[in-house]
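In case you want the letters, here they are:
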Amino acid sequence: MNNKKLVIFTAPSGAGKTTIVRHLLKVRNDISFSISACTRTPRYGEVNGMDYYFMSVDEFKKKVAADKFVEYEQVYENQYYGTLKSEIDRLWAEGKNVLFDVDVKGAFSVKQKYGDNALSVFVKPPSFAILKQRLTNRKTEDEASMKKRINRVKEEMTYERNFDVTIINDDLEIALKEAENIVDNFLSLKTNMV
Ligand code: ADP
Ligand code: 5GP
């Protein structure tokens with residue numbers, strides 16, 4: 001079995017990609033999460049080195065200058081997020097396929113770079129109102145952060161056509177099952193690694 005594949009989940013903030021990604025990590029032992037570097041402050045319960053490698057903007061920029069990233073984006077003002085080359089190498093060395101939770105631009109970059117060895121999945125909320133409701137219910141964002149995230153949704157939604165497949169996350173159980181099936185099909189396919 002070729003275990004050097006990449007599965008990328010992307011969506012506007014609040015659509016449910018973290019929920020889906022966490023579920024997939026529970027039900028499959030042949031994939032591991034690509035822990036991104038990021039410059040925002042940790043949310044309650046988030047652990048450095050598990051959810052993200054949290055760092056200062058200065059530290060992040062040093063890594064950019066040293067060409068340490070496969071891709072990175074300033075997703076929100078002064079908030080940088082990026083996939084470290086070392087992270088993909090680490091997971092592949094462990095014989096795992098790599099699972100990503102990245103923004104729409106990062107997802108597009110990773111897909112372009114890895115082609116048929118990567119599957120890009122866009123998670124779509126049933127409506128803008130429901131997305132907003134989910135973000136509010138999550139209670140992780142203050143007013144300013146909420147505004148930043150909501151302001152970006154329209155643009156993020158226009159990226160849908162750039163990805164291999166869309167999952168509409170309305171009923172969570174259905175979306176989780178669909179995600180399981182999509183990932184299962186992709187990881188069973190034989191492709192040549194670059
Ligand atoms: P993202 O990672 O895309 O920002 P999350 O996975 O954090 O989104 O989901 C946003 C919020 O919506 C979370 O509180 C999550 O528990 C909730 N949620 C996710 N999917 C559903 C769903 N299908 N129905 C209702 N709530 C959901
Ligand atoms: P959050 O702050 O909600 O954890 O993440 C905000 C956005 O940044 C989400 O769309 C998330 O997928 C994205 N993100 C997380 N890690 C990365 C990364 O390594 N690269 C890119 N481009 N986006 C990321």
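First, a word on scope: everything that follows refers to the structure included in this document. (Residues numbered from 1 in each chain as written. Chains lettered and ligands numbered in written order. Predicted model: local features only at pLDDT ≥ 70, side-chain atom pairs only at ≥ 80, totals over all residues. Heavy atoms only, no water.)

Thoughts on the site of ligand 2
- Close to ligand 2 lie 17 residues, the nearest being Ser36, Arg40, Tyr52, Tyr81 and Asp101.
- With respect to ligand 2, the side chain of lysine 17 contributes an N or O atom lying 3.5 Å from an oxygen atom.
- Arginine 43 is positioned with one of its side-chain polar atoms (N or O) 2.8 Å from an oxygen atom of ligand 2.
- Coverage of ligand 2 by the protein chains reaches 96% of its 510 Å² of free accessible surface.
- At the level of elements, strand 5 (69–76) and strand 6 (79–84) are the ones that each hand at least two residues to the shell around ligand 2.
- Counted by class, the shell around ligand 2 contains five nonpolar, four polar and eight charged residues. (Near = heavy atom within 4 Å. Polar contact = N/O pair within 3.5 Å; in protein donor to acceptor, adjacent residues only side chain to side chain. Areas by Shrake-Rupley, 256 points an atom, 1.4 Å probe, with all protein chains shown as cover. Helix = DSSP H or I, 4+ residues; strand = E, 2+ residues; numbered from the N terminus. Nonpolar A, V, L, I, M, F, W, Y, C, P; charged D, E, K, R; others polar.)

Here we look at the packing of aromatic side chains
- Taken as a whole and assessed by the stated rule, the structure comprises eight aromatic pairs.
- Ring plane angle 45° and centroid distance 5.9 Å describe the contact between phenylalanine 69 and tyrosine 72, whose orientation is recorded as tilted.
- For tyrosine 72, a relative accessible area of 36% puts it in the partly exposed group.
- Taken together, the ring pairs in this structure connect Phe60, Phe69, Tyr72 and Tyr80 into an aromatic cluster.
- The ring of phenylalanine 186 has lysine 5 sitting right over it, with the charged end atom 4.8 Å from the ring centre.
- Positioned over the ring face of tyrosine 76 is arginine 152, at 5.8 Å from the centre of the ring. (Phe/Tyr/Trp six-rings, centres within 6.5 Å; stacked < 30°, edge-to-face > 60°. Buried < 20%, exposed > 50% of the residue type's maximum accessible area, 1.4 Å probe, protein only. Lys NZ or Arg CZ within 6 Å of the ring centre and 35° of its normal.)

Some points on the packing of helix 1 (residues 17–27) against helix 7 (residues 172–188)
- Helix 7 packs onto helix 1 with a crossing angle of 55° between their chain directions and a minimal axis gap of 10 Å. With respect to helix 7, the element helix 1 is oriented oblique. Of the two elements, helix 1 crosses helix 7, and the hand of that crossing is right-handed. Residues Thr19, Ile20, His23, Leu24 and Val27 of helix 1 lie in contact with helix 7, whose contacting residues are Leu172, Ala175, Leu176, Ala179, Glu180 and Val183.
- Classifying every residue of the contact of helix 1 with helix 7 by side-chain character gives eight nonpolar, two polar and one charged. (Axes fitted to C-alpha atoms, helices over the stretch in contact; angles between N-to-C directions. Parallel < 35°, antiparallel > 145°, perpendicular 65-115°, else oblique. Left-handed = near helix turned anticlockwise from the far one by under 90°. Contact = heavy atoms within 4.5 Å.)

Some words on the pattern of salt bridges
- Summed over the entire model, instances satisfying the criterion amount to 17 salt bridges.
- A salt bridge links arginine 28 to aspartate 30; the nearest nitrogen and oxygen atoms lie 2.8 Å apart.
- The salt bridge partner of aspartate 164 is lysine 111, with a shortest N-O separation of 3.0 Å. On the criterion of sequence distance, the pair formed by aspartate 164 in the loop between helix 6 (143–157) and strand 9 (165–168) and lysine 111 in helix 4 (residues 104–114) is long-range, its members being 53 residues apart.
- By relative accessible area, aspartate 164 is classed as partly exposed at 40%.
- One connected set of salt bridges, linked through shared partners, spans Arg40, Arg43, Glu46, Arg138, Glu141 and Arg149. (Salt bridge = Lys/Arg side-chain N within 4 Å of Asp/Glu carboxyl O.)

Concerning the site of ligand 1
- Every one of the 13 residues lining ligand 1 counts as a neighbour, but Gly14, Thr18, Thr19, Arg138 and Asn169 are closest to it.
- With respect to ligand 1, the side chain of threonine 19 contributes an N or O atom lying 2.5 Å from an oxygen atom.
- Here an oxygen atom of ligand 1 and a side-chain polar atom of arginine 138 are 2.8 Å apart.
- Taking 560 Å² as the accessible area of ligand 1 by itself, protein coverage stands at 76%.
- Breaking the shell around ligand 1 down by element, the ones donating at least two residues are helix 1 and helix 5 (128–138).
- No other element matches the three residues that helix 1 contributes to the shell around ligand 1.
- Residues of the shell around ligand 1, tallied by class, amount to three nonpolar, six polar and four charged.

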